[in-house]
Structure formats: C-alpha cells, structure tokens
Amino acid sequence: MKIKLTSLALLLILSLNQGCGQAFKKQFNELVSKSDTAGQQQLLQQWAKADSSDPELYVAYFNFYVRKSKKSIVRLDPSGKGKGGFEVMEKDSSQKEPIAYLYGDSYYDPVILQRAMEYIDRGIKKQPNRLDMRFGKIYMYGQTRDYEKFTDEIIITINYSALNKNKWTWEDGKPLDSPQYFFLNSLQDYQVQLYETEKDELLDNMGRIAETILKYYPDHIESLSNLSVVYMLQKQYDKGLAPLLKAEKLNPKDYIVLSNIAQAYKLKGDKTNAIKYYELTIKYGDEQAIEYAQGQIEQLKKN
C-alpha cells in the first residue's frame with residue numbers, strides 16, 4: 001500500500017555544549033572526550049555536592065549512565081547472511097557456504113539504563129519545560145524498542161504542552177525559536193519511527209499519539225494524515241477518509257494528503273474519485289508523486 005508520512009529530521013540525543021561557561025559542564029565534556037569514565041563519575045559527585053539544583057547536572061548524569069549502559073557484543077548467527085558479518089566456515093569442509101556469521105551488535109543494560117531514566121526524571125521534575133530532557137528520555141525508549149513507554153512519554157509531553165503553552169526551553173534553559181512548530185514536527189518524527197517498524201501492533205500507538213495531538217491541535221495536518229493511515233492500514237477506509245478530507249480543506253495543495261485520499265478511494269473501489277485525486281496529486285505533487293499518480297491512473301483505467 002502506497003501511504004506516506006512526512007518527516008522533519010531532528011537530532012534527539014541530549015548534548016552538552018563545550019562552549020558553555022559552566023566549569024563543571026566544561027570539565028565533564030573534556031572527560032567524555034577522553035573516555036575517562038572514572039573521572040566523569042568523580043566529577044559528577046563533586047558537581048552534585050557543589051550545586052545539586054543545576055539542571056545540567058541531571059543531563060550529565062543521564063548521558064553518563066546511557067553511555068555506561070551500552071554494551072558491545074559479538075553475535076554468532078546461522079541466519080545472518082546479508083548483515084555484513086564475518087563468515088564462519090566449517091573446519092576441513094569442502095562446503096563453500098558458511099555455517100554461520102559473526103557480527104558486532106550492542107544492547108543497553110536495563111539496570112544501568114534505569115539509573116539514567118531516574119536522573120532525567122529528577123531533571124524534568126525540576127525543569128518541566130526542558131524539552132531536551134523529555135526528548136532524551138523518549139529517544140532512549142525508542143533505542144531500546146520499548147514502544148509502550150515511548151508512546152506513553154510522548155503522550156505525557158503532548159498533554160504538558162497544553163499546560164505550558166509550548167513555552168519550551170532547551171539546553172541551558174534557552175528558549176526555543178518557534179517552539180510549537182519545533183515540537184509538533186518533532187512528534188512527527190516519532191510517528192515516522194513507529195510507522196517504519198512495519199509492526200501492525202504499533203498502529204494503535206500511532207493512533208493514540210495522533211488523537212492526543214488533535215485534541216489540542218485539531219488543525220495539525222500531519223496528525224490528521226497519520227490517523228487516516230492507521231485506519232486505512234486497518235482496512236477501515238471510510239474512517240480513514242474523514243481526517244484526510246478535513247486535511248484537504250486545511251491545505252488543498254498538500255499532495256501527500258491528496259495521494260492518500262486517492263489511495264483510500266482506490267481501496268474502497270471508488271475508481272472515479274481515486275482518479276480525480278490522483279490527477280490533483282499530479283497537479284501539485286513533486287516528481288516522484290507525479291510519476292506514482294500517473295502509474296496509478298493508468299492501472300485504474302485498465303481495470
């Protein structure tokens with residue numbers, strides 16, 4: 001099924017800017033660059049004694065435990081062909097095919113990672129408008145594929161955006177430029193992340209996020225489109241059309257919305273409207289969208 005999501009690239013990892021004037025923060029960065037784990041831990045303890053209320057301390061602790069929790073391993077996989085690993089051949093065998101593959105992998109130690117989460121939770125409690133802290137936590141749930149907590153934290157953050165009116169800050173408490181735009185486009189990246197897993201069981205997660213966004217931002221076209229995608233993939237085509245048609249009224253030239261409307265009509269068996277919206281896609285779309293829509297029209301006219 002040719003259904004599209006839009007995305008704005010976003011760096012979600014918390015960072016510690018070396019240009020910052022805070023002495024502890026600068027020292028911490030220097031120790032990180034040297035991979036001096038013992039030094040980092042000692043400095044964090046000194047930092048906590050000197051100023052336990054500093055939000056950057058909790059960001060530093062979070063980053064420290066995230067890095068510490070990441071473990072590198074080597075896996076032996078009999079079915080690992082195509083993963084770029086080393087081939088393992090049977091000794092003294094005339095067979096040319098490898099019996100297994102060795103490749104590098106990594107995982108996050110859940111006990112250590114939990115320490116990171118505890119520290120960032122303390123930071124968020126002290127500075128609830130710090131979006132970098134919230135996004136750092138969400139990012140790690142995505143990295144560990146804990147998509148229930150990933151979704152829950154996104155929804156918590158959306159709900160909070162209605163309370164703080166998107167007065168988000170970032171590193172060092174600096175206010176964001178165009179905070180609502182930045183926030184909503186970042187949420188779209190998370191939706192794309194769920195979509196690209198291609199796991200049907202995560203469609204409900206996408207739907208929950210989209211519905212929560214639309215509760216506060218009813219004209220958010222990307223969320224209207226996302227909600228429709230969820231319904232369409234669940235073969236609820238009439239339900240899928242409703243948010244798309246609303247999105248079309250908000251922006252009649254959004255060719256992704258137009259293409260998805262055409263796809264919904266095609267799946268419903270409504271050839272006339274499908275062709276109509278593919279023609280609109282050709283009118284407003286980019287080169288790739290035009291080529292796809294032309295192919296779909298040809299196919300529909302043949303059948």
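Right, let's walk through the structure included here. This structure is a prediction, so every number in the text was calculated from the model and none was measured.

1. Let's talk about the overall build of the protein
Within the protein, the regular secondary structure consists of 13 helices and 3 strands. Per-residue burial for the protein yields a buried fraction of 46% across its 303 residues. Residue pairs in contact within the protein that sit at least 24 positions apart in sequence constitute 60% of those at least 6 positions apart. Total accessible area on the protein is roughly 16500 Å²; 49% of this is exposed by carbon and sulfur atoms.

2. Side note on the packing of aromatic side chains
Aromatic rings considered in pairs are described by the distance between their centres and by the relative angle of their planes. A full pass over the atoms with the stated rule returns 18 aromatic pairs. Judged by centre distance (5.0 Å) and plane angle (80°), the rings of phenylalanine 64 and tyrosine 65 are edge-to-face. Looking at tyrosine 65, the relative accessible area reads 7%, which means it is buried. Ring centres of phenylalanine 135 and tryptophan 170 lie 6.2 Å apart, and the angle between their planes is 75°; on these two criteria the pair is classed as edge-to-face.

3. Here we look at the packing of helix H5 (residues 131-143) against helix H7 (residues 179-195)
Between H5 and H7, the shortest axis-to-axis distance is 12 Å and the interhelical angle comes to 5°. One finds that H5 runs roughly parallel with respect to H7. Mapping the contact onto sequence places Leu131, Phe135, Ile138 and Gly142 in H5 and Phe182, Phe183, Ser186, Tyr190 and Gln193 in H7. In terms of residue class, the contact of H5 with H7 is built from 6 nonpolar, 3 polar and no charged.

4. A word on the nonpolar core
Leu44, Phe150, Ile154, Phe183 and Leu187 are the most contacted members of the largest nonpolar core, which totals 48 residues. Contributions of two or more residues to this core are made by helix H1 (23-33), helix H2 (37-50), helix H3 (55-69), helix H4 (110-126), H5, helix H6 (147-164), H7 and helix H8 (203-216). The leading source of residues in this core is H3, at 9 residues. For phenylalanine 150, the contacting residues outside a window of four places in its chain are Ile138, Tyr141, Gly142, Tyr190, Gln193 and Leu194. One finds Leu241, Val257, Ile261 and Ala293 within the second-largest nonpolar core, a separate group that totals 25 residues.

5. Quick word on H3
The terminal C-alpha atoms of H3 lie 21 Å apart, and with 15 residues this matches the ideal 21 Å at 1.5 Å per residue to within 8%. The buried count for H3 comes to 13 of 15 residues, which makes it a mostly enclosed element.

6. Remarks on the side chain of serine 228
For serine 228, the position within the fold is in helix H9 (residues 221-233). Residues within four places of serine 228 in sequence aside, it is in contact with Gly240, Pro243 and Leu244.

7. Quick look at the pattern of salt bridges
Taken as a whole and assessed by the stated rule, the structure comprises 11 salt bridges. Arginine 115 serves as the salt-bridge partner of glutamate 118, at 4.0 Å between the closest nitrogen and oxygen. Remark: arginine 115 and glutamate 118 occur in helix H4; sequence separation between them is 3 residues, near one turn of the helix. A salt bridge links aspartate 132 to arginine 130; the shortest N-O distance between them is 2.8 Å. Overall, the relative accessible area of 3% leaves aspartate 132 in the buried class. According to the relative accessible area criterion, arginine 130 is buried, its value standing at 1%. Salt bridges sharing partners connect three or more residues here, namely Lys25, Glu56, Arg130, Asp132, Glu171 and Asp172.

Procedures and definitions
- Counting from 1, residues in each chain are numbered in the order their sequence is written.
- Selection of residues for local features in this predicted model requires a pLDDT of at least 70, selection of side-chain atom pairs for listing and counting requires 80 or more, and totals for whole chains, interfaces and linings are taken over all residues.
- Each side-chain value is worked out from all heavy atoms of the structure, with water and hydrogens disregarded.
- Numbering of helices and strands runs from the N terminus; a helix is a DSSP stretch of H or I covering at least four residues, while a strand is a stretch of E covering at least two.
- Exposure categories follow from relative accessible area, calculated using a 1.4 Å probe and restricted to protein chains: below 20% of the type maximum is buried, above 50% is exposed, and the middle band is partly exposed.
- Two residues form a contact once any of their heavy atoms are found within 4.5 Å.
- Methods summary: accessible areas were calculated by the Shrake-Rupley approach with a probe of 1.4 Å, and residue burial reflects only the protein chains presented.
- Note on aromatic contacts: the rings of Phe and Tyr and the six-membered ring of Trp form a pair at centre separations within 6.5 Å, being stacked when their planes are under 30 degrees apart, edge-to-face when over 60 apart, and tilted otherwise.
- For every element, the axis is a line fit to its C-alpha atoms; helices are fit only across the contacting stretch, and the angle between N-to-C directions ranges from 0 to 180 degrees.
- Any angle between 65 and 115 degrees counts as roughly perpendicular, while under 35 counts as roughly parallel, over 145 as roughly antiparallel, and the rest as oblique.
- Each residue gets one label: Ala, Val, Leu, Ile, Met, Phe, Trp, Tyr, Cys and Pro are nonpolar, Asp, Glu, Lys and Arg are charged, and the others, such as Gly, are polar.
- For this analysis, a nonpolar core means a set of buried residues of the types Ala, Val, Leu, Ile, Met, Phe, Trp, Tyr and Cys, connected via side-chain atoms within 4.5 Å.
- Here, expected helix span is obtained from the residue count minus one, scaled by 1.5 Å.
- By salt bridge we mean one thing: a side-chain nitrogen of Lys or Arg within 4 Å of a carboxyl oxygen of Asp or Glu.

By themselves, these figures tell us nothing about what the structure is for.
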